[in-house]
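Letter by letter, the chains look like this.
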Amino acid sequence: MPLIEFADFSFKYLGADSLALRKVDLNIEEGEYVVLTGPSGCGKTTLCRAINGLVPQFHRGYIAGNVIVDGKNTREHNVAELAPIAGLVFQQPENQLVTLNVEREIAFGPENLGVERKEIRRRVEELIDMLDLEHLREKHPHEMSGGEQQRVAMAATLALKPKVLVADEPTSNLDPQSAVTILDLIADLNRRDMTVVLVEHRLDLVSKDASRVVLMDKGSIVADGEPREVLSMDLCQEIGVGIPKATQIYKRLKQRGFNLDKVPLTGAELATLVQEVKQR
Amino acid sequence: MSFLEVFQYTRQDSVIHKLDPRAKLFMSIVLAVVALMFLAIIPLLIIFCCLVPIIGAAKSLRRWSRSMRGLSILLIFIIIFNTLLSTQPNPFSHSLALTLRLVALMTSFSVFFLTVHPDELSQALIQMRVRFEFAFAMSMAMRYVPTLGQEAYAIMDAQKARGVELDKGNLLKRIRNIVPIIVPLIIVSIRRALSIAESMESRGFGANATRTYMNVLKFRKRDWAVVTVSLLVLVFVVYVRIFVPLPTWMLWQLPI
Ligand SMILES: Nc1ncnc2c1ncn2[C@@H]1O[C@H](COP(=O)(O)OP(=O)(O)OP(=O)(O)O)[C@@H](O)[C@H]1O
Ligand SMILES: [Mg+2]
């Protein structure tokens, strides 16, 4: 059974005049690293919200089909019940930090769920250690940079011990350096068996780690598969998705009749492929 | 507004900071009540002699004296007006005592607010049976005040860039100028509140009745000691006030 199952799911926000999600069918298995991308307003955030029940429990609207997460139908379970299954990290870091220091922030989720005190303390220390937050321990969110805030927000979500981490453009408000730190962290979590759903525009940073890319447009899924397969489709340019530079070069070369063996995702891969061709 | 600093938490490593907030609250209330029971210069000075060492033990004397200096102009005004308008036989002496009492009251409560972290305060409220939601709302207000301030400045800059003249014109015009600041600020805040609520729900806020707390406040021996001493002082002072007439040297007044 897949961890997340969208079955012919459609959703329209109350007061909106078009569907935000249109007959979405999507299965995500445990351990996958799914990158979700598509033009602005195509429904990526709505899809993330549907995974932990914010849609339809928090955001009301018209709904068809079902979303089943770890065997639970999101129509029948409230967001708090789904919190230990799907952990969401959002775009604006400062709106996710609701307490006055890092320890409290990380403890907030488990406290809400009624986890035992000793266990909360253990998780807090573990996450502070893992995400390198020691120097921020006593700080007010206002005294931290955006990147630091987002790391704390991530720790606060991971403290719920979710089965899947859903991150909705966690790096869009950050400088490139902090963005890379956050994305590396996510890739690392996936290597430790965490299922990840990541919304991201900077595909050149994430496609090498992803196991799957899902492309959305106007509320529907228009492509879904291996990163190399999806990113080399012409569809990407048509709907305006920024594919990695190396993949772009691959496509240009192909247009001029110059075929490489494999679709490259990074500069390093491209270099190796070109070298191979030259040696032949 | 520098005198408000005495009501603002400052991180220090002191005996007073380590006390349980509930014990400190009790101590502050007792100190304030005692100050309210006297309106003569000598007893109020004696109360001061107890308050200053407590502030000292909280390592906050400098902050306290700076705030008091900030407050001094206001205090002098109070003394002058009271002296001129009072019908008491020794108006100056009376207003001096009034002012001393005001300062003593402020100092008593500042012992509490200077040394209790907002988190501790909300935890103390929760353990005094205040509902978690209310206590948490209070600490969230503290959390978002700086953010809101920042946003207000950003909006002001944006409006200035569009040609709104915020600091020109007469009083009425200036008051009307607040509208283009307040309206966007409210809209932005509502939007932010929704996004915060979303994030809190996602972390199980309001999940079940049995919420746990990582840091639980515990009454220790020293907290019991503080409470006991405060209680004894309170009983003693009330007893003296009701049954024992104050000796005349304590009721001494300035001749004017
Ligand atoms: N709370 C809401 N109420 C009404 N309509 C909404 C709400 N949130 C989103 N929408 C609408 O739903 C559609 C999908 O929005 P969504 O936020 O899911 O897109 P997105 O892919 O995340 O876009 P972006 O890349 O800009 O974040 C949009 O047309 C948007 O206007
Ligand atoms: Mg979005």
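About the criteria used
- Residues numbered from 1 in each chain as written.
- Chains lettered and ligands numbered in written order.
- Predicted model: local features only at pLDDT ≥ 70, side-chain atom pairs only at ≥ 80, totals over all residues.
- Heavy atoms only, no water.
- Contact = heavy atoms within 4.5 Å.
- Buried area = accessible area lost by both parts, 1.4 Å probe.
- Salt bridge = Lys/Arg side-chain N within 4 Å of Asp/Glu carboxyl O.
- Polar contact = N/O pair within 3.5 Å; in protein donor to acceptor, adjacent residues only side chain to side chain.
- Helix = DSSP H or I, 4+ residues; strand = E, 2+ residues; numbered from the N terminus.
- Expected span 1.5 Å × (residues − 1).
- Buried < 20%, exposed > 50% of the residue type's maximum accessible area, 1.4 Å probe, protein only.
- Pairing = 2+ DSSP bridges.
- Axes fitted to C-alpha atoms, helices over the stretch in contact; angles between N-to-C directions.
- 1 Å grid on protein atoms, 1.4 Å probe; cavity = no way out; pocket = protein on both sides within 12 Å on 5 of 7 lines; lining within 4 Å.
- Points joined across faces, edges and corners; volume = space filled by probe spheres on them.
- Phe/Tyr/Trp six-rings, centres within 6.5 Å; stacked < 30°, edge-to-face > 60°.
- Domains from an automatic or database assignment.

## Here's the deal with the interface of chain A and chain B
Accessible area lost during the coming together of the parts is what is often quoted as the interface size. Between chain A and chain B, the residue contacts involve 41 residues of the former and 37 residues of the latter. Buried surface at the junction of chain A and chain B, both sides included, amounts to about 3,400 Å², of which 51% is carbon and sulfur. Considering only the surface of chain A that becomes buried against chain B, A:N95, A:L100 and A:R104 emerge as the three largest contributors, covering 19% of it. Remark: the boundary between chain A and chain B carries five salt bridges. For A:E105, the salt bridge identified is with B:R203, shortest N-O distance 2.8 Å. Inspection of the region where chain A meets chain B yields 21 residue pairs in polar contact (both at pLDDT 80 or more). Looking at the side of chain A that touches chain B element by element, the count peaks at nine residues for helix 4 (residues 102-112) of chain A.

## Quick notes on helix 6 (residues 146-158) of chain A
Residues and elements named next belong to chain A. Under the 1.5 Å per step criterion, the end-to-end length of helix 6 is 18 Å for 13 residues, consistent within 8% with the ideal 18 Å. Among the 13 residues in helix 6, 12 count as buried, and that is most of the element. For helix 6, every residue scored as buried is listed here: G147, E148, Q149, Q150, R151, V152, A153, M154, A155, A156, T157 and L158. Of the surrounding secondary structure, the elements contacted by the buried residues of helix 6 are strand 6 (86-89), helix 4, helix 5 (117-130), strand 7 (164-168) and helix 7 (176-191).

## A look at the sheet that holds strand 2 (residues 21-28) of chain A
Residue and element names in this part refer to chain A. As summarised here, the arrangement of the four strands in space is 2-1-4-5, forming an open sheet in which the pairing is antiparallel. Because the sheet does not close on itself, it has two edges, and the strands there are strand 2 and strand 5 (72-73). Two elements, strand 1 (residues 4-13) and strand 4 (residues 61-69), share eight bridges in a ladder whose sense is antiparallel. Bridging across to strand 4, Y13 finds its partner in G61. Packed on one face of the sheet, helix 1 (residues 44-51) meets strand 1, strand 2 and strand 4 and runs near 120° to strand 1.

## Side note on the layout of surface pockets
Approximately 840 Å³ is the volume attributed to the largest pocket. Residue lining of the largest pocket: 28 residues in total, with A:R104, B:H117, B:E120, B:N215 and B:L217 positioned closest to the centre. Of all the elements in the fold, those that place two or more residues in the lining of the largest pocket are helix 4 and helix 5 of chain A together with helix 1 (15-18), helix 6 (118-127) and helix 10 (221-243) of chain B. Of all the elements, helix 6 of chain B adds the most residues to the lining of the largest pocket, at three residues. In this structure, the second largest pocket encloses a volume near 620 Å³. Forming the boundary of the second largest pocket are 18 residues, of which A:H140, B:Q8, B:Y9, B:P118 and B:M142 lie nearest the centre. Put simply, the parts of the chain that give the lining of the second largest pocket at least two residues each are helix 6 and helix 7 (132-161) of chain B.

## Considering the environment of B:I41
Residue and element names in this part refer to chain B. With respect to the helices and strands, the residue I41 is situated in helix 3 (residues 41-57). In this structure, the C-alpha to C-alpha distance between I41 and S93, residues 52 residues apart in sequence, is 7.8 Å. Apart from the residues within four sequence positions on either side, I41 is in contact with S93, L96, A97, L100 and L254.

## Some thoughts on helix 10 of chain B
All names here are of chain B. With 23 residues, helix 10 ought to run about 33 Å at 1.5 Å a step, and its terminal C-alpha atoms sit 33 Å apart, in line with that. Among all positions in helix 10, only D223, V226, V227, S230, V237 and V240 are buried. Of the surrounding elements, those touching the buried residues of helix 10 are helix 2 (21-36).

## So, the sheet that holds strand 6 of chain A
Residue and element names in this part refer to chain A. Ordered by their spatial adjacency, six strands build an open sheet running 6-7-8-3-9-10, and the pairing between neighbours is mixed. Edge positions in the open sheet fall to strand 6 and strand 10 (220-225), since each of these has one partner strand only. For this sheet the average axis-to-axis angle between neighbouring strands, irrespective of direction, equals 20°. Here five bridges tie strand 7 to strand 8 (residues 195-199), and the two strands are oriented parallel to one another. Across the sheet, the residue bridging to V164 is T195, located in strand 8. Packed onto the sheet, helix 1 meets strand 3 (33-37), strand 6, strand 7, strand 8 and strand 9 (212-217) and runs at close to 155° relative to strand 7. Seen against the sheet, helix 6 touches strand 6 and strand 7 and runs at an angle of roughly 170° to strand 6.

## Details of the side chain of A:Q150
Residue and element names in this part refer to chain A. Tracing the backbone shows Q150 in helix 6. At 3.3 Å, the side chain of Q150 forms a polar contact with the side chain of Q96. Discounting residues that sit within four places of it in the chain, Q150 has contacts with V89, F90, Q91, P93, Q96, P170, L174 and I182.

## Digging into the packing of aromatic side chains
Tallied over the full model, the rule gives 13 aromatic pairs over all chains. Each residue in the set A:F108, B:F132, B:F136, B:F205 and B:Y213 is aromatic and connected to the rest through ring pairs, giving one cluster.

## Observations concerning the domain arrangement of chain B
Domains assigned within chain B are domain 1 (1-116 + 220-256) and domain 2 (128-205). Spacing between the C-alpha centres of domain 1 of chain B and domain 2 of chain B amounts to 36 Å.

## Some words on unusual backbone geometry
Residues and elements named next belong to chain A. For the bond from V55 to P56, the omega torsion is 10°, close enough to zero to count as cis. Tracing the sequence through the fold places P56 in helix 2 (residues 54-58). Despite not being glycine, K23 has its phi angle at roughly 45°, a positive value. Mapped onto the secondary structure, K23 falls in strand 2. For E169, which is not glycine, the phi torsion reads 45° and is therefore positive.

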